[in-house]
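What follows is the residue order along each chain.
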Amino acid sequence: MAGVNKVILVGNLGRDPEVRHLEGGTSVANFTLATTEVFKDKNGNRKEQTEWHNIVAWRGLADIAERYLKKGMTVYLEGRIRNKSYEKDGVKHYTSEILCDSLTMVGKKESGNGASDGGSTTTIDLPPDKTDDLPF
């Protein structure tokens, strides 16, 4: 039986994407996404809990991220979880990242004078890339 590894996130970019262009022309973008859960505690007080996610986008999505995504933007994305480990100064560290498969920019489109001209969304959905040519 096949497994399912699917993540859906809606949140705000914590920083502008950092894009690298690897040998052979492959692009990879890295950025953080904050998702915030709002709830009431047992005393009825409003609480917020923010989780930070490391996002990785490859090829066409990396190019789109480089051109259009900016810190603070709200995005909807779908992807897969990848867990990694590395050793630094003799200590093993673990990290999780989301491999982005599709991306939708959510929010209001700003006109030239700073006024909003209504809500808009832009969806970027690329066909799945072949993973056999990834550099790792």
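For the structure itself, consult the block above.
Please read these numbers as outputs of a predicted model, since none were measured by experiment.

All chains considered together, the criterion is met by six salt bridges. Across the pair K6 and E78 runs a salt bridge whose closest N-O atoms are separated by 2.7 Å. Remark: E78 occurs in strand 5 (residues 74-88) and K6 occurs in the segment before strand 1 (7-13); sequence separation between them is 72 residues. A residue is classified by how much of its surface remains accessible, and K6, at 52% relative accessible area, is exposed. Across the salt bridge formed by R46 and E48, the nearest N and O atoms sit 3.0 Å from each other. Connected through shared salt-bridge partners, R82, K84 and E97 make up one network.

By relative accessible area, E78 is classed as buried at 18%. Here the side chain of E78 touches K6 through a polar contact of 2.7 Å, side chain to side chain. When sequence neighbours within four positions are dropped, the list of residues in contact with E78 reads K6, V7, I8, L99, C100, D101 and S102.

Here the focus is the environment of A65. Note that A65 resides in helix 1 (residues 59-68). Residues A65 and V19, 46 residues apart in the sequence, show an inter-C-alpha distance of 8.3 Å. The residues contacting A65, other than those within four sequence positions of it, are P17, A29 and F31.

All right, on to unusual backbone geometry then. Unusually for a residue other than glycine, R59 sits at a positive phi of about 50 degrees. With respect to the helices and strands, the residue R59 is situated in helix 1. Judged by its relative accessible area of 15%, R59 is buried. Non-glycine residue D89 carries a positive phi angle of around 55 degrees. Tracing the sequence through the fold places D89 in the loop between strand 5 and strand 6 (91-110). By relative accessible area, D89 is classed as exposed at 75%.

Criteria and thresholds
Residues numbered from 1 in each chain as written. Predicted model: local features only at pLDDT ≥ 70, side-chain atom pairs only at ≥ 80, totals over all residues. Heavy atoms only, no water. Salt bridge = Lys/Arg side-chain N within 4 Å of Asp/Glu carboxyl O. Helix = DSSP H or I, 4+ residues; strand = E, 2+ residues; numbered from the N terminus. Buried < 20%, exposed > 50% of the residue type's maximum accessible area, 1.4 Å probe, protein only. Polar contact = N/O pair within 3.5 Å; in protein donor to acceptor, adjacent residues only side chain to side chain. Contact = heavy atoms within 4.5 Å.

Geometric descriptors of this kind do not, in isolation, establish any biological role.
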